[in-house]
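# Understanding the architecture of this molecule
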Amino acid sequence: MEAKLFVGELALLLNPYDEFNVVVEGRAVLRIDWQRAIVKVAGTTTDPLGLRDVLLEAGVILPRNMDEVLGRLEDYSRSPTPEEPRLKAVALDTNIFYNLFLTTLEEERSLPPRVYVSKCVLDEISSKADSKAKPEEREAFVSWRRAAAALSEYLRHRHGLRVIQRSKCHGDLDIVRSYVNYAGSQGVDFLFLTFDVRSRSYALIEALPMITLSTPSPPRAGESFATTHRRIQRLLYTMAVHHASITLTGSAGRVALSLGEYDDILARRLTASTTSNRIASELSLLGRYRKIRETLRLARPG
Amino acid sequence: MTHPVTEIAVVTPISKNPYSVVNGLLHVFREAGCPGRVSLLYMKDRWVAATLNAIESSFRNLCPHTSFSRRRLHGGLRSDIGQFKAEVEALKGEGYRVYVNITPGTKLMTLAAYLGAVEAGADEIFYLSVEDRSYTETLLPFIPRSLVASYTVPGGR
């Protein structure tokens, strides 16, 4: 039995489990308690930095200075006052999209009311996402999938973002300069948000106020993280973005989740394949549940 | 694949959010299969017609042979209790095993549905609680299982 599920539909597949392992290339990497929404790092991991990245992108672990970041973002969410008449806004670096951080931010609090993104950022992401790599070119393939996921992150939030046009775009310095120039010409005070120390240096040089998100430490074997069910669903997506396919094993059976097609990455849609009768029986009703949901959505009373 | 209907009937008040009604029907479907009859009891309001249509047409995607009926509540606790009681009794008289969902609706409707169900000897009275309010407009199968509690309320047979 095979079916494509959006990230927000994965509970259908996961509800038959109490706990399951996430297996990558034959090795159990994570143990997930689905009922209590706890993620545990299994055994020894050969790639702690990669694991740190997927956990961060899923929002299971957060930047070390998250409280400080939220506080600064609140400052830059305020409307102008007679005392502080200049408009305050947030400006995004490319890595904010790669780390799927807008989704995390939205779940933690809400997006600031004025968020800007330089066209240089979007060009950088879309040029990598459009240069489709072959599966056998492993590093390039991972990089392509991550760019497609970053583009998906932009598309999810595009209605809340304002794009700054810029003709010259050659790297991180031009991203910073696009914000500096816009701030100067439009009278906006920007807070530049980045994970990258090099961009941080450029912002310092160009006197652009910024905050660097502090990447958390790589997880240790056996370490547990209490999280939410939504983030566990996101985690399966981010793991599939990094590894192309993962396997879930547990008492309800085995399910392979894969993510290879460009449109599926953009839509955050995974292909699930299983021989488990229990899970197959749930998946067989997916189409009908979708029709119910669609009918309710269309008929939503005003 | 079409699911055959069972000798189960569901009586439910209606709220503006159709998910609490449809999720109640899905709860019954997952426990016992497609109900043969569903009775929707509602108070007059401008959104009611659209909500009733949405509930019926959406659930028919899963259970096309389920038969729906609509009953307008006249208002007033005593009268509403009587109407719920009469609805349950009528369905039991037709040989159905009757489930009453007391999740949707105003508190007064819930109270009327509960007391009417108890007086008529409904077979099961249930309440679905979703812990996380961000899932209130999510279909039951897409809500993590541990966030949903179904309470079988005392008073059913």
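In what follows, the structure referred to is the one given above.
A few points on the structure. (Residues numbered from 1 in each chain as written. Chains lettered and ligands numbered in written order. Predicted model: local features only at pLDDT ≥ 70, side-chain atom pairs only at ≥ 80, totals over all residues.)

## Examining the interface of chain A and chain B
Contact residues are listed per partner, giving 16 residues for chain A and 22 residues for chain B. When residues of the side of chain A that touches chain B are traced back to their parent elements, those giving at least two are helix H1 (11-14) and helix H13 (286-298) of chain A. (Contact = placed C-beta atoms within 7 Å. Helix = DSSP H or I, 4+ residues; strand = E, 2+ residues; numbered from the N terminus.)

## Description of the packing of helix H1 (residues 18-32) of chain B against helix H2 (residues 48-59) of chain B
Residues and elements named next belong to chain B. The geometry of H1 relative to H2 is characterised by a closest axis approach of 10 Å and an angle of 30° between their N-to-C directions. As the angle between them shows, H1 and H2 are arranged roughly parallel. Pair H1 / H2 crosses with right-handed handedness. Contacts between H1 and H2 involve Pro18, Val21, Val22 and Leu25 from the former and Thr51, Ala54, Ile55, Ser58 and Phe59 from the latter. Residues that form the contact of H1 with H2 fall into these classes: seven nonpolar, two polar and no charged. (Axes fitted to C-alpha atoms, helices over the stretch in contact; angles between N-to-C directions. Parallel < 35°, antiparallel > 145°, perpendicular 65-115°, else oblique. Left-handed = near helix turned anticlockwise from the far one by under 90°. Nonpolar A, V, L, I, M, F, W, Y, C, P; charged D, E, K, R; others polar.)

## Structural notes on the sheet that holds strand E13 (residues 269-274) of chain A
The strands making up a sheet associate through backbone hydrogen bonding, with each pair oriented either parallel or antiparallel. Residues and elements named next belong to chain A. Within the open sheet, the eight strands sit side by side as E1-E13-E12-E11-E2-E3-E4-E10. Their pairing is antiparallel. Of all the strands in the sheet, just strand E1 (2-6) and strand E10 (224-226) have a single pairing partner and so form its edges. Between one strand axis and the next, the sheet turns by 25° as a mean value, whatever way the strands run. Bridge count between strand E4 (residues 38-41) and E10: three bridges; the pairing is antiparallel. Counted as the bridge partner of lysine 40 is serine 224 from E10. Packing against the sheet, helix H10 (residues 229-243) makes contact with strand E2 (19-24), strand E3 (27-33), E4, strand E11 (245-250), strand E12 (253-258) and E13, and its axis sits at approximately 135° to E11. (Pairing = 2+ DSSP bridges.)

## Brief notes about the packing of helix H8 (residues 172-186) of chain A against helix H9 (residues 197-205) of chain A
Residue and element names in this part refer to chain A. Direction vectors running N to C along H8 and H9 enclose 45°, while the axes themselves pass 9 Å from each other. With respect to H9, the axis of H8 lies oblique. Note that H8 runs across H9; the crossing there is right-handed. Taking contact as the criterion, the partners of Asp172, Leu173 and Val176 in H8 are, on H9, Arg198, Ser199, Tyr202 and Ala203. Residues that form the contact of H8 with H9 fall into these classes: four nonpolar, one polar and two charged.

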